[in-house]
Amino acid sequence: LGRGWRLRCPCCGDGRLFGSPRHWFRMHERCAGCGVKYERAPGYFLGSAYINYGWTGLLLLGLYVGLHFGAGFTNGQLAFPLSAVFVLFPCAAFRHARSLWLAIDYVLDRTGFEEEP
């Protein structure tokens, strides 16, 4: 799971999952170190969307409760800032959500990972 958080291959830990920061959403097809294919099947990374959705929901809930009840902001004052967080945070967390999904799958079910060259 630590390799997943560092955006590294879950099998060998050497290969990077993503290329340059210029191509934020582009993921490598295979590991440069061990050759394992990252996307196991079509729609494989749908689970990473659930991770990202959960993180976003928890963040928004914490921000709303803290800012509305703790700092006294009104709902009208919070509408735009929380909407911006709702749009921007999932984009920023995209890489880590995918990487953690791949790492969790590797930890729980290694079938298919060993079959690669």
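Residues numbered from 1 in each chain as written. Predicted model: local features only at pLDDT ≥ 70, side-chain atom pairs only at ≥ 80, totals over all residues. Heavy atoms only, no water.

Here's the deal with the state of the cysteines
Between two cysteines, a covalent bond joining their sulfur atoms is known as a disulfide.
Here comes step 1: Scanning the entire structure with this criterion turns up 0 disulfides.
Here comes step 2: In this model Cys-9 remains outside any disulfide bridge; the closest cysteine sulfur is found in Cys-31, 3.7 Å from its own.
Here comes step 3: We classify Cys-9 as buried; its relative accessible area is 0%.
Here comes step 4: We note that Cys-34 lacks a disulfide partner, and the nearest cysteine sulfur, in Cys-31, lies 3.7 Å from it. (Disulfide = S-S within 2.5 Å. Buried < 20%, exposed > 50% of the residue type's maximum accessible area, 1.4 Å probe, protein only.)

Focus: the environment of Gly-15
Here comes step 1: In this structure, Gly-15 sits in the loop between helix H1 (2-5) and helix H2 (46-70).
Here comes step 2: Residue classification places Gly-15 among the buried positions, given a relative accessible area of 5%.
Here comes step 3: Separated by 76 residues in sequence, Gly-15 and Cys-91 place their C-alpha atoms 22 Å apart.
Here comes step 4: Among residues more than four places away in sequence, those in contact with Gly-15 are Leu-7, Arg-8, Cys-9, Cys-31, Ala-32, Gly-33 and Tyr-38. (Helix = DSSP H or I, 4+ residues; strand = E, 2+ residues; numbered from the N terminus. Contact = heavy atoms within 4.5 Å.)

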